[in-house]
Amino acid sequence: MDKASEYVCADAREAIPRWLCEEASSEEVHALQQHLRECPDCHASFLASSASQFFGTQDAKRQAAHHAARISVDDVGVARIA
Ligand SMILES: [Zn+2]
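Treat the numbers as computed from the prediction; the structure is a model and nothing was measured.

### Observations regarding the packing of helix H1 (residues 9–20) against helix H2 (residues 26–38)
The description of two packed helices rests on the angle between their axes and on the distance between the axes.
Part 1 of the reasoning: In contact at an axis separation of 10 Å, H1 and H2 are set at 120° when each is read in the N-to-C sense. With respect to their mutual orientation, H1 and H2 come out oblique. As H1 runs across H2, the sense of the crossing is left-handed. Residue-level contacts link Ala-12, Ala-15, Ile-16, Arg-18 and Trp-19 of H1 to Glu-28, Val-29, Leu-32, His-35 and Leu-36 of H2.
Part 2 of the reasoning: Looking at the contact of H1 with H2 residue by residue, the class counts come to seven nonpolar, one polar and two charged.

Listed below in structure tokens is the structure:
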């Protein structure tokens, strides 16, 4: 029965994506947060997962901005040629 309360890295790695998707229960989140405080490996993995999710949304915005910038650069080029 002691084994059931033992929270291992595999549990954390499984819980991280569920937490990021807000699918984890409050008990799961609590256990995960406690594990992250004690385990640098899983903490790094959590940071990488949350960062990639964050930058995933940032990339979409950056791509839109880049696309808009390309259009204005092309306009300048066309204006210069004409
Ligand atoms: Zn761990």
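### As for unusual backbone geometry
Apart from glycine, the bulk of residues carry a negative phi angle, and the bulk of peptide bonds sit in the trans form.
Part 1 of the reasoning: Of note, Glu-22 is a non-glycine position whose phi angle comes to about 60°, a positive value.
Part 2 of the reasoning: Tracing the backbone through its elements, the reader meets Glu-22 in the loop between H1 and H2.

### What to know about the nonpolar core
Part 1 of the reasoning: Ala-12, Ala-15, Ile-16, Leu-32, Leu-36, Cys-42 and Phe-46 together form the largest nonpolar core, which totals seven residues.
Part 2 of the reasoning: Breaking this core down by element, the ones donating at least two residues are H1, H2 and helix H3 (40–81).
Part 3 of the reasoning: In terms of residues, this core owes the most to one element, H1, which gives three residues.
Part 4 of the reasoning: Among all residues touching Leu-36, those that are not within four sequence positions of it are Ala-12, Cys-42, His-43 and Phe-46.

Here is what the cut-offs are and how they apply
Residues numbered from 1 in each chain as written. Predicted model: local features only at pLDDT ≥ 70, side-chain atom pairs only at ≥ 80, totals over all residues. Axes fitted to C-alpha atoms, helices over the stretch in contact; angles between N-to-C directions. Helix = DSSP H or I, 4+ residues; strand = E, 2+ residues; numbered from the N terminus. Parallel < 35°, antiparallel > 145°, perpendicular 65-115°, else oblique. Left-handed = near helix turned anticlockwise from the far one by under 90°. Contact = placed C-beta atoms within 7 Å. Nonpolar A, V, L, I, M, F, W, Y, C, P; charged D, E, K, R; others polar. Core = buried A, V, L, I, M, F, W, Y, C linked by C-beta atoms within 7 Å. Buried ≥ 20, exposed ≤ 12 C-beta atoms within 10 Å, placed from the backbone.

Everything listed here is a matter of geometry and, on its own, says nothing about what the molecule does.
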